[in-house]
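# Geometric and topological summary
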Amino acid sequence: MALLESVTTCLSPAVHYVICELGFEKTETYDINNIVSESGEVCWQAITDHVCYLESDQIVDYMKSIRSLGPVCESVNLHFKSMTKKQFVAQYALWFQWTNYTELFLEVFDVLQYAQPTEIALGLMKLTSCLERALGDVYLLIGKDCPFLLRDLLISEELAVIFGQTVMNVLRVFIGSPYGLNLRNVLWHGFASPQEIPVKYCAMLLFLTAGLGQLLQTYLLQTKHILIHRPYVTFTSLEELNIFPLNHETLSLAEELVKLSSFVLKMMLPFWLAALTAFRQGRYADSTILLLPQLEAGLRLLFTATNKCPNRLLTAEVSFSVMSMLAKHLSNEDINQLPLVLEEPAMASILKEFLWDFLNHQEGPRVRDHLSHGEIDLKTFPREVANQIVAFAVILLCRFSDEDEIAFKEHVVIKPLMNCASCYCSRFHPISRVKKQVLECMKSIHLWSELPVVPEEQIQAVKGFEGNAEASTFVLKTSEILSQLHQCVPQSCYSSDEPANSDQIDRLLTELCDMRICTLYSPRSVLEILVVFRKIITQCHQVSGQVIASLELRYNQWINKMLRSRQRQNYLRMLNSIKFLSPVLRLILVMVTLELVNIHLVDKKNAFDYQQYLKFLKSVLQYTENLVTYTNPEKNKWDETMELTNKALTKIKSFSDKKLMLMQLAT
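This one's a predicted model, so the numbers in the text were calculated from it and none came from an experiment.

Turning our eyes to something else, we now look at the overall build of the chain. Along its length, the chain carries 30 helices and zero strands. Principal-axis analysis of the C-alpha atoms gives the chain an extent of 100 × 65 × 50 Å. With 667 residues in all, the chain has 55% of them scored as buried. Considering only contacts in the chain between residues 6 or more positions apart, those separated by 24 or more positions represent 76%. Carbon together with sulfur atoms contributes 53% to the accessible area of the chain, which is approximately 29,800 Å² in total. Distance between charge centroids for the chain: 6 Å, based on 62 positive and 71 negative side chains.

A few words now on helix α20 (residues 383-399). A rise of 1.5 Å per residue sets the reference length of α20, with its 17 residues, at 24 Å; its end C-alpha atoms lie 24 Å apart and thus fit the reference within 8%. By the criterion of burial, α20 is predominantly enclosed, with 15 of the 17 residues buried.

Further remarks concern the side chain of Thr48. Secondary-structure assignment places Thr48 in helix α3 (residues 44-48). Within polar-contact distance, the side chain of Thr48 engages the backbone oxygen of Gln45 at 3.4 Å. Here Thr48 is in contact with Thr166, Val167 and Val170, once residues within four sequence places are set aside.

What follows covers the domain arrangement of the chain. By the assigned domains, the chain splits into domain 1 (13-223), domain 2 (238-422) and domain 3 (431-665). On a C-alpha basis, the centroid separation for the pair domain 1 and domain 2 is 30 Å. On the domain 2 side, the residues contacting the 24 residues of domain 1 number 29 residues. In total, domain 1 and domain 2 occlude about 2,400 Å² of area from one another, counting both sides; carbon and sulfur atoms represent 65% of this. Looking only at domain 1, the three residues that lose the most surface to domain 2 are Phe148, Trp188 and Phe191, adding up to 27% of its buried area. Viewed at the interface, domain 2 and domain 1 are joined by two salt bridges.

On inspection of all chains with the given rule, the structure shows 25 aromatic pairs. Ring centres 5.6 Å apart and planes at 90 degrees place the aromatic pair Phe80 and Tyr92 in the edge-to-face group. You can see Phe80 sitting in helix α4 (residues 62-81) and its partner Tyr92 sitting in helix α5 (residues 85-92), a full 12 residues away along the chain. Here Phe80 matches Tyr92 in class, with each residue buried. Between Phe80 and Phe109, the ring centres sit 6.3 Å apart and the planes meet at 85 degrees, which makes this aromatic pair edge-to-face. Here the residue Phe80 occupies a position in helix α4, and Phe109 occupies one in helix α6 (residues 102-114), the gap between them amounting to 29 residues. Note on accessibility: Phe80 and Phe109 belong to one class, buried. Put simply, the rings of Phe80, Phe88, Tyr92, Phe96, Phe105, Phe109 and Phe207 pair up and form one aromatic cluster. The ring of Tyr101 has Lys379 lying over it, and the distance from NZ or CZ to the ring centre is 4.1 Å. The ring centre of Phe400 lies 4.8 Å from the NZ or CZ of Arg399, which sits over that ring.

Conventions we followed
Residues numbered from 1 in each chain as written. Predicted model: local features only at pLDDT ≥ 70, side-chain atom pairs only at ≥ 80, totals over all residues. Heavy atoms only, no water. Helix = DSSP H or I, 4+ residues; strand = E, 2+ residues; numbered from the N terminus. Buried < 20%, exposed > 50% of the residue type's maximum accessible area, 1.4 Å probe, protein only. Contact = heavy atoms within 4.5 Å. Areas by Shrake-Rupley, 256 points an atom, 1.4 Å probe, with all protein chains shown as cover. Lys, Arg positive; Asp, Glu negative; His and termini not counted. Charge placed at Lys NZ, Arg CZ, Asp CG, Glu CD. Expected span 1.5 Å × (residues − 1). Polar contact = N/O pair within 3.5 Å; in protein donor to acceptor, adjacent residues only side chain to side chain. Domains from an automatic or database assignment. Buried area = accessible area lost by both parts, 1.4 Å probe. Salt bridge = Lys/Arg side-chain N within 4 Å of Asp/Glu carboxyl O. Phe/Tyr/Trp six-rings, centres within 6.5 Å; stacked < 30°, edge-to-face > 60°. Lys NZ or Arg CZ within 6 Å of the ring centre and 35° of its normal.

Okay, here's the thing in structure tokens:
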């Protein structure tokens with residue numbers, strides 16, 4: 001890739017000047033005793049006086065402020081370097097407690113002593129994310145909904161009230177404003193190389209964090225407020241994230257690949273090597289923090305090269321995110337060429353589906369968001385998540401190796417990884433979540449048949465109870481509709497002519513859910529339908545759970561002769577009702593899953609047909625919601641359930657008739 005050799009920085013000339021030169025233009029030094037007292041108290045006025053403003057109003061003049069604050073930062077850096085760890089802890093450790101992560105800031109002090117560029121950059125990324133989280137906690141002392149973006153948090157009136165506007169202006173010079181140094185963003189988005197981040201800015205942010213702790217203590221004493229830290233986000237269902245195999249041999253090969261791959265910008269190589277080292281050492285949060293920005297940088301390199309827009313490689317605009325790089329179209333509506341450079345459809349699929357899964361889908365781990373906003377406890381960051389990010393990185397390194405790619409892909413260590421990649425499908429797209437819900441609901445309904453029920457002879461012995469013949473009618477009606485729907489099942493999916501019992505229906509559902517469905521670039525209409533699908537299945541699952549609870553409870557009460565006459569009658573009506581309720585719920589699952597398999601057809605409906613379709617689905621949803629109410633153990637409205645089901649089956653039959661007719665016309 002010709003572009004690769006010519007790239008020496010991802011900072012635009014203007015941003016490179018601001019970060020690497022502007023703060024070094026003034027060479028005078030400041031007496032540290034005017035900036036901090038012997039006891040470690042930050043003299044804020046000595047800092048805020050260096051923030052400059054435009055003459056017309058009180059808008060910060062970022063260029064002049066950075067230039068003026070440069071020597072202050074250097075004085076603070078030298079001050080920290082002159083201290084022992086014991087001295088630093090004695091003077092400053094107390095003032096980091098408000099962040100809820102004191103040890104991180106002590107770790108950053110250690111990093112400053114050695115000033116190794118990669119570690120400085122890593123320390124800054126961790127510091128800024130933790131600082132953002134802590135500032136959000138402070139915001140909630142008097143505010144309600146904490147802003148999601150750091151820049152919005154820093155300009156909030158709430159923080160200005162607590163810390164003072166001039167103090168917040170100092171922070172905005174360093175982080176949170178695209179017109180300032182913007183250190184957080186240039187690092188977290190993979191624009192800055194290790195050598196491009198001055199050590200003194202890391203030192204200054206460490207110093208400012210301690211100063212904020214001092215101001216906060218004064219505020220808390222005056223107002224009697226208590227600072228409450230929000231709980232960390234925890235990753236759930238880690239087994240769903242265990243996708244790609246990774247071992248020490250793979251890591252060793254990866255260390256060679258990073259030096260050969262055209263996916264890696266040479267000035268970013270230290271980040272890659274440090275990430276792999278961190279993973280080996282069990283520092284999984286550090287490994288992931290180092291890798292995520294480099295994945296973005298590598299994808300940006302591919303995107304700009306394939307779409308012939310090299311200028312976008314440099315400190316791109318805010319809207320130019322990983323997700324926008326994976327969009328179907330460019331901002332000018334041209335086709336995005338990035339998927340084409342991947343050549344194999346499988347590689348394009350894993351690139352987009354994996355990144356959407358791990359970074360963007362709301363029910364996915366959203367690793368980047370949670371890490372960069374300080375929402376995760378770095379000390380307990382799970383290996384499973386880091387494992388997948390590293391493995392995914394190895395796949396891309398291998399795909400874009402300058403050496404013999406085929407040899408790498410067939411390597412005994414890499415081949416299992418590439419095989420997994422070739423069959424990857426989304427775990428967290430709404431389509432995938434519907435599938436998961438269907439299978440879980442199916443298993444729940446299957447449990448009904450395993451629960452103990454009163455023997456038939458005991459039922460016949462109950463005076464005054466007559467089984468309702470309508471139950472059998474509903475079962476036949478359900479079978480008829482299912483028979484129609486079965487004609488819409490893809491031929492490759494199901495071997496039997498027709499599902500004749502519950503086990504065959506469950507097997508059909510399993511095979512339908514195993515079918516690969518495209519999840520990329522889902523239009524709004526599809527997403528709207530998926531929301532309704534999910535609500536329907538949720539209600540069905542709740543009905544099943546309530547039936548199971550009622551069956552277990554009433555059976556035990558029957559055996560122990562704890563039911564009054566009326567309760568016995570109601571229990572028997574329930575037993576009669578579940579004879580048809582089980583197949584009806586299975587029918588709804590089959591209908592939804594078949595519609596899911598053909599979800600791509602939704603976007604082809606005209607406006608009228610779409611609204612009619614949506615109306616029908618919402619009527620099914622209404623039925624399931626009413627079922628939840630009627631089957632509640634406290635309600636037990638089984639006769640009403642029968643009447644409700646009769647109406648619902650009539651609507652579903654009408655839908656099935658129309659669907660079958662349209663299918664026959666099409667053939």
